[in-house]
Amino acid sequence: MRQHSAFKVVGLHLAVIVLFFLAQFVLPEYHHLAVTRVMILAIFALGYNLLFGYAGLLSLGHALFFAAGLYGAGLTAFHLGWSVPAAFSAGVGAGFFASLVIGVVALRTSGVAFMIVTMMFSQVAYLASLYFTTYTRGEEGLVMPEAARHFELFGVTFSLTDPSLRYNIALLLLSVTLIVILIVVRGPMGRVLIAIRENEPRTLMLGYNTFVIKLKAFVISGTISSVAGAAYALLFAYVGSSFASIQYSIEALLFTLLGGAGTVLGPIFGTFAMFYLIDIVSGFTAAYLLVTGIALVALVLFFPKGILGTIRERWMTWLP
């Protein structure tokens, strides 16, 4: 029975990856670019969900890690002329370091205090991006130079101006992130994270070092978010302070809640649903945020655990 469930889980996630791969051949130009962007934002939401959905830690500062990846990749490519792979590695490294340092401090708190501490760190990063305008150009942002739009790998030159290449890079990163998240949440660490979310004192009594386990989740979550930020900077050739604002932390939370917190595929569904809801409604009215708010209220009433969360509760209990 357990093997059958594992087969269904793996099959479903592979089917999602294959569906995204095949979609690129039929999507019109606008949606081809839009789906590329949404896949990158979905990586951000997947990272956020690991911390919030599985460990039960509500962070209001995850935009900091997205921005760490964004600026780590963008500044090194723009000012230092680093190659695309090196700049991407710098962005991910910046996110890893930031999440490790901030995690050690923030995880000494809990509940509302944890939310405030993470939000304060994020605001510091946002204000720093506005203050050091000589390097960041603040809200105006940086547009990546032409040299940062091309890179060589295994003797072959690639151009990030190619829509098909950008799409497949985004898909590759999303696929790897999905596999990593699935391995974590289906393994021992994922089970302990759920135990911490449900009853941390009891988990402590069982002999687990909950601080270390939460720190691991925090670092993995922050690093995944920085992957999204670094990819965004290089694929879309823009770095701006707005990505470090609290708005992006809240968007990651909304993506997760809409799709289903504590489900692996939920953040992906939530990101697509939110993006296209705003995209479609904004074509009819300037009050698209009002319509989006009404939709979120309806979601809370009829799908209190998000789209996939409610589906799992009612029909597909095997979903991770």
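Quick notes on the rules
Residues numbered from 1 in each chain as written. Predicted model: local features only at pLDDT ≥ 70, side-chain atom pairs only at ≥ 80, totals over all residues. Heavy atoms only, no water. Helix = DSSP H or I, 4+ residues; strand = E, 2+ residues; numbered from the N terminus. Rg over C-alpha atoms; globule rule 2.2 N^0.38 Å. Buried < 20%, exposed > 50% of the residue type's maximum accessible area, 1.4 Å probe, protein only. Contact = heavy atoms within 4.5 Å. Areas by Shrake-Rupley, 256 points an atom, 1.4 Å probe, with all protein chains shown as cover. Lys, Arg positive; Asp, Glu negative; His and termini not counted. Charge placed at Lys NZ, Arg CZ, Asp CG, Glu CD. Pairing = 2+ DSSP bridges. Polar contact = N/O pair within 3.5 Å; in protein donor to acceptor, adjacent residues only side chain to side chain. Salt bridge = Lys/Arg side-chain N within 4 Å of Asp/Glu carboxyl O. Phe/Tyr/Trp six-rings, centres within 6.5 Å; stacked < 30°, edge-to-face > 60°. Lys NZ or Arg CZ within 6 Å of the ring centre and 35° of its normal. Core = buried A, V, L, I, M, F, W, Y, C linked by side-chain atoms within 4.5 Å. Patch = residues over 30% accessible without salt bridge, like charges linked within 9 Å, V, L, I, M, F, W, Y side chains within 5 Å. Expected span 1.5 Å × (residues − 1).

Asker: What am I meant to see in the overall build of the protein here?
Answerer: Secondary structure summary: the protein contains 13 helices and 4 strands in total. The globule rule puts the C-alpha radius of gyration for 320 residues at 20 Å, and the 19 Å found for the protein is close to it. Of all 320 residues assigned to the protein, the portion counted as buried reaches 49%. Partitioning the contacts of the protein with sequence separation of at least 6, the portion at a separation of at least 24 is 76%. Total accessible area computed for the protein in this model is approximately 15200 Å², and 72% of it derives from carbon and sulfur atoms. If the 16 positive side-chain charges of the protein are averaged to one point and the 11 negative ones to another, these points end up 17 Å apart.

Asker: What's the story with the side chain of His13 in this structure? I'm lost.
Answerer: Checked against the element boundaries, His13 lands in helix α1 (residues 2-23). Overall, the relative accessible area of 4% leaves His13 in the buried class. Among residues more than four places away in sequence, those in contact with His13 are Leu178, Leu182, Val264, Leu265 and Pro320.

Asker: When you look at the pairing of strand β2 (residues 150-153) in this model, what are you seeing that I'm missing?
Answerer: The side chains of a regular strand alternate between the sheet's two faces. Where β2 lies against strand β3 (residues 156-159), 4 bridges are found, and the strand directions are antiparallel. Residue pairing across strands places His150 opposite Ser159, the latter belonging to β3. Between β2 and β3, which pair antiparallel in sequence order, lie 2 residues; one of them, Phe154, sits at a positive phi of approximately 55 degrees.

Asker: How do you make sense of the side chain of Ser221 when you look at a structure like this?
Answerer: Within the secondary structure, Ser221 sits in helix α9 (residues 210-236). Since its relative accessible area comes to 0%, Ser221 is described here as buried. Among the polar contacts made by the side chain of Ser221, one reaches the side chain of His62 at a distance of 2.7 Å. Not counting the four nearest positions on each side in its chain, Ser221 is found in contact with Gly47, Tyr48, Leu50, Leu51 and His62.

Asker: Even after reading the chapter, I still don't get the pattern of salt bridges, so can you show me in this structure?
Answerer: Where side chains of opposite charge bring their charged atoms close, a pairing between them can arise. Under the counting rule described, the total for this entry stands at 3 salt bridges. Between Glu198 and Arg197 there is a salt bridge, with the nearest N and O atoms lying 2.9 Å from each other. Residue Glu313 is joined to Lys305 by a salt bridge in which the shortest nitrogen-to-oxygen separation is 3.0 Å. Overall, Glu313 belongs to the partly exposed group, its relative accessible area being 45%.

Asker: Mind showing me how you'd approach the packing of aromatic side chains here?
Answerer: Working definition: an aromatic ring pair is given by the centre-to-centre distance plus the angle between the planes. Taken as a whole and judged by the stated rule, the model has 16 aromatic pairs. Ring geometry for Phe66 against Tyr248: centres 6.1 Å apart, planes inclined by 20 degrees, an arrangement best described as stacked. Taken together, the residues Phe66 in helix α3 (residues 63-79) and Tyr248 in helix α10 (residues 246-259) connect sequence positions 182 residues apart. The pair Phe66 / Tyr248 is uniform in exposure class, with both members buried. Grouped by ring-pair contacts, the aromatic residues Phe44, Phe66, Tyr232, Phe236, Tyr238, Phe243 and Tyr248 constitute a single cluster. Just above the ring of Phe236 sits the side chain of Arg37; from NZ or CZ to the centre is 4.4 Å.

Asker: It is not clear to me how the nonpolar core should be interpreted in this structure. Could you clarify?
Answerer: A general tendency of soluble globular proteins is for nonpolar side chains to be buried together. Ranked by internal contacts, the top residues of the largest apolar core, which has 94 residues, are Phe20, Met39, Ile40, Leu70, Leu174, Ile268 and Phe272. Considering every element that reaches this core, the biggest residue donor is helix α2 (residues 29-54), with 16 residues. In contact with Phe272, other than residues within four places in its own chain, are Phe20, Val35, Val38 and Met39.

Asker: Please clarify how a nonpolar patch on the surface should be interpreted in this entry.
Answerer: On the surface, Val18, Phe21, Leu22, Phe25 and Val26 cluster together into a nonpolar patch covering about 520 Å² of accessible area. Here Val18 is to be found in helix α1. Using a relative accessible area of 44% as the deciding quantity, one classes Val18 as partly exposed.

Asker: Would you explain the environment of Leu173 in this entry?
Answerer: Counting through the fold element by element, Leu173 comes out in helix α7 (residues 163-186). With 133 residues separating them along the chain, Leu173 and Ile40 place their C-alpha atoms 8.0 Å apart. Non-local contacts of Leu173, meaning those with residues more than four positions away in its chain, are made with Ile43, Phe88, Val227 and Ala231.

Asker: So what exactly am I meant to see when it comes to α9 here?
Answerer: Look at α9: 39 Å from first C-alpha to last across 27 residues, which is about the 39 Å you get at 1.5 Å a residue. Of all 27 residues in α9, 23 are buried; the element is thus mostly enclosed. Immediately downstream of α9, the backbone of Ala237 shows phi near 60 degrees, a positive value.

Asker: What am I meant to see in unusual backbone geometry here?
Answerer: Glycine aside, a negative phi is what most residues show, and trans is what most peptide bonds show. Its identity is not glycine, yet Arg137 carries a phi of approximately 60 degrees, on the positive side. By the secondary structure assignment, Arg137 is in the loop between α6 (133-136) and β1 (142-143). A positive phi angle, near 60 degrees, is found at Ala237, a position not held by glycine. Turning to its location among the elements, Ala237 is positioned in the loop between α9 and β4 (238-239). Taking relative accessible area as the criterion, Ala237 reaches 10% and is therefore assigned buried.

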